[in-house]
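A structural walkthrough
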Amino acid sequence: MGLSGGLSAATSTSGQVSAQGNVGKQQGPLTVFLSANIYRDRRSTHGTISRTNLVVPVPVYVETALNGSQAPLFAGATIRSEYRFNAKDALSFDSFFNDGHIGGDQSSNYYDLDKSRAVIGMFNQFNNNASRNFLQDYDLTFRHQGAPTTPLFTTELEYSHNVNHNDVNLSGELLQSDASTPASIPRERDNGENRNPYYTLK
């Protein structure tokens with residue numbers, strides 16, 4: 001009974017930062033708990049790919065240099081509560097939220113090589129993307145509990161809605177053409193959104 005709570009935070013040399021907190025209150029017939037968290041990260045990607053074409057004559061070799069970065073950000077909260085009308089009847093309300101965002105850029109630099117590993121073609125591809133996901137859920141429940149040997153009556157109404165949005169921009173540049181490279185690299189934008197709301201009654 002009474003008031004309680006806590007806080008915590010963390011970080012790392014790689015750029016990760018997170019924090020969490022919670023608070024609870026229990027007084028008389030009412031009980032309420034609230035918790036929240038946030039997470040931030042920065043990630044980089046570097047690498048190379050070496051490919052040998054065994055069927056296609058040109059180019060004989062393809063070297064690719066990859067560079068990219070991402071910055072995820074997530075935040076969430078949870079609410080749990082209960083109100084007891086008497087020793088047998090109680091009404092509870094629970095809810096949680098989660099909001100996440102990931103944005104990043106990636107470049108792929110291609111080098112086409114002949115049999116002597118001389119450069120015969122070069123082009124770059126770029127990918128800029130942003131993704132966001134928001135989830136919310138609400139749950140209302142009534143419970144009636146009689147004696148231990150009698151049935152428990154419970155009715156529950158839940159509403160949940162998940163929204164996902166993706167935005168991707170693709171582009172490129174042709175630096176040196178050969179037999180395998182395209183004449184040009186057009187720009188492309190892909191935008192998608194998904195919504196999934198639903199109700200549940202038990």
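In what follows, the structure referred to is the one given above.
Scope of this entry: the structure provided in the associated data block. (Residues numbered from 1 in each chain as written. Predicted model: local features only at pLDDT ≥ 70, side-chain atom pairs only at ≥ 80, totals over all residues. Heavy atoms only, no water.)

Take the packing of aromatic side chains next. Counted under the stated rule, the structure contains 6 aromatic pairs. Measuring from centroid to centroid gives 4.8 Å for Y110 and F123, while their planes differ by 10°, and the two rings are stacked. Linking Y110 in strand β6 (residues 89–113) with F123 in strand β7 (residues 119–145), this pair joins segments that are 13 residues apart in sequence. In this pair, the class of Y110 matches that of F123, namely buried. (Phe/Tyr/Trp six-rings, centres within 6.5 Å; stacked < 30°, edge-to-face > 60°. Helix = DSSP H or I, 4+ residues; strand = E, 2+ residues; numbered from the N terminus. Buried < 20%, exposed > 50% of the residue type's maximum accessible area, 1.4 Å probe, protein only.)

Under the counting rule described, the total for this entry stands at 8 salt bridges. Here D41 ties to R43 by a salt bridge, and the two come within 2.7 Å at their closest N and O atoms. When its relative accessible area of 3% is taken as the criterion, D41 is described as buried. Classification of R43 as partly exposed rests on a relative accessible area of 41%. A salt bridge links R84 to E82, with the shortest nitrogen-to-oxygen separation between them at 3.7 Å. Judged by its relative accessible area of 34%, R84 falls in the partly exposed class. Linked by salt bridges that have partners in common, E82, R84 and R143 make up one network. (Salt bridge = Lys/Arg side-chain N within 4 Å of Asp/Glu carboxyl O.)

Turning to the environment of T11, a few remarks are in order. Within the element layout of this structure, T11 appears in strand β1 (residues 2–11). When residues no more than four places from it in sequence are discounted, the contact partners of T11 are Q16 and V17. Polar side-chain contacts of T11 include one of 3.0 Å to the backbone oxygen of Q16. (Contact = heavy atoms within 4.5 Å. Polar contact = N/O pair within 3.5 Å; in protein donor to acceptor, adjacent residues only side chain to side chain.)

With that settled, the discussion passes to the environment of I79. Checked against the element boundaries, I79 lands in strand β5 (residues 61–84). A C-alpha to C-alpha distance of 7.8 Å links I79 and F93, two positions 14 residues apart in sequence.

What is shown is where atoms sit, not what they do.
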